[in-house]
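# Per-entry structural report
One-letter residues, chain by chain:
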Amino acid sequence: TQIALGRNGLEMILINAPPPNYTGGERGFAATIGGEARFQSDMRRAFRYAQALGVGMIHVMTGEGAGPEAKATCIANMRWASEHAPKGITLMLEPLNPVAMPDYFLNDYALAAELLSAIDAPNVALQYDSYHAQMIHGDAVAVYEKYQSLIRHVQVGDAPDRSPPGTGDVDFAALFKAIKGTGY
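Here the structure is a predicted model, which is why all the values come from computation and not from measurement.

So, about the packing of helix α6 (residues 140-147) against helix α7 (residues 172-181). Contact pair α6 / α7: the axes reach a minimum separation of 9 Å and the direction vectors enclose 10°. Relative to α7, α6 is oriented roughly parallel. Residue-level contacts link A140, V141, Y144 and E145 of α6 to A174, L175, A178 and I179 of α7. Partitioning the contact of α6 with α7 into residue classes produces seven nonpolar, no polar and one charged.

Structure, rendered in structure tokens:
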């Protein structure tokens with residue numbers, strides 16, 4: 001993969017972890033109560049993959065969950081991951097909207113900010129996605145402006161269909177102006 005990327009002048013900058021099971025299994029489990037051993041094992045594997053591919057960011061998927069115990073589990077797992085992540089790898093938390101990911105634990109940018117504050121690690125940051133921000137909060141630009149100091153990776157997609165920019169509800173002219181204004 002690394003050779004193919006290099007030949008084409010491309011760089012892989014982010015992977016999702018733990019890898020989802022596309023046969024119907026869970027899509028992440030950082031917030032899964034009682035799943036700490038599995039989380040640690042799969043994160044160790046994700047760290048090896050990231051290093052082999054030269055990837056500097058790992059989107060850590062929280063999986064399903066709700067309530068204070070799931071939040072405490074997520075914080076503890078992310079603290080463990082931040083302490084064990086190889087140098088040069090940043091762990092990313094991304095809120096996903098409930099239409100695309102029903103019952104997903106991290107489904108709000110305010111919750112992401114709370115988690116990042118509690119985790120308090122320099123190698124854990126916010127992954128912003130205009131599609132999810134628009135679907136969750138109704139104004140992707142306002143979300144970017146409010147949480148921009150926590151953001152280290154930006155993804156773009158229009159809402160409500162996760163379509164190309166300019167085909168839906170996101171004000172991309174204002175969003176790109178805000179992004180440029182922050183020096184991202």
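Back to the write-up after that little detour.
Here the focus is helix α3 (residues 67-84). Under the 1.5 Å per step criterion, the end-to-end length of α3 is 26 Å for 18 residues, consistent within 8% with the ideal 26 Å. What α3 keeps buried is the set A70, T73, C74, I75, N77, M78, W80, A81 and S82.

Read from one edge of the open sheet, five strands run β1-β2-β3-β4-β5, paired in parallel fashion. With one partner strand each, in any of the chains shown, β1 (14-17) and β5 (151-155) form the two edges of the open sheet. On average, adjacent strands in this sheet sit at an angle of 35° to one another, irrespective of strand direction. Looking at chain direction, strand β2 (residues 57-60) and strand β3 (residues 90-93) are connected through three bridges and run parallel. Paired with H59 across the bridge in β3 is M92. In the packing of helix α4 (residues 109-119) onto the sheet, the strands contacted are β3 and β4 (124-129), and the crossing angle to β4 comes to about 165°. Where α6 meets the sheet, its contacts fall on β4 and β5, and the angle it forms with β4 comes to roughly 165°.

To continue, consider the pattern of salt bridges. In total, this model carries three salt bridges according to the counting rule given. A salt bridge links D42 to R45; the nearest nitrogen and oxygen atoms lie 2.7 Å apart. One end of the pair is D42 and the other is R45, both in helix α2 (residues 36-53) and three residues apart, which spans about a single turn. According to the relative accessible area criterion, D42 is buried, its value standing at 11%.

A few words on the pairing of β4. Burial analysis of β4 places six of its six residues in the buried class, the great majority of the element. Sheet analysis places β3 next to β4, joined by three bridges and oriented parallel. Among the inter-strand pairings, M92 is bridged to a residue of β4, identified as A125. In this region the chain leaves β3, passes through α4 and returns to the parallel neighbour β4; the handedness of that crossover is right-handed.

This part takes up the packing of aromatic side chains. A full pass over the atoms with the stated rule returns five aromatic pairs. For the pair F172 and F176, a centre-to-centre distance of 5.4 Å together with 40° between the ring planes defines the contact as tilted. One end of the pair is F172 and the other is F176, both in helix α7 and four residues apart, which spans about a single turn. With a relative accessible area of 7%, F172 lands in the buried category.

What follows concerns the environment of Y131. With respect to the helices and strands, Y131 occurs in helix α5 (residues 130-137). Taking the C-alpha atoms as reference points, Y131 and A30, 101 residues apart in sequence, are found 22 Å from one another. Setting aside residues no more than four positions away along its own chain, Y131 makes contact with N97, A100, G157, D158, A159, P160, D161 and R162. A distance of 3.5 Å separates polar atoms of two side chains, one belonging to Y131 and the other to N97.

Criteria and cut-off values
Residues numbered from 1 in each chain as written. Predicted model: local features only at pLDDT ≥ 70, side-chain atom pairs only at ≥ 80, totals over all residues. Heavy atoms only, no water. Axes fitted to C-alpha atoms, helices over the stretch in contact; angles between N-to-C directions. Helix = DSSP H or I, 4+ residues; strand = E, 2+ residues; numbered from the N terminus. Parallel < 35°, antiparallel > 145°, perpendicular 65-115°, else oblique. Contact = heavy atoms within 4.5 Å. Nonpolar A, V, L, I, M, F, W, Y, C, P; charged D, E, K, R; others polar. Expected span 1.5 Å × (residues − 1). Buried < 20%, exposed > 50% of the residue type's maximum accessible area, 1.4 Å probe, protein only. Pairing = 2+ DSSP bridges. Salt bridge = Lys/Arg side-chain N within 4 Å of Asp/Glu carboxyl O. Right-handed = clockwise from strand over helix to strand, strands pointing away. Phe/Tyr/Trp six-rings, centres within 6.5 Å; stacked < 30°, edge-to-face > 60°. Polar contact = N/O pair within 3.5 Å; in protein donor to acceptor, adjacent residues only side chain to side chain.

That is the geometry; function is a separate question.
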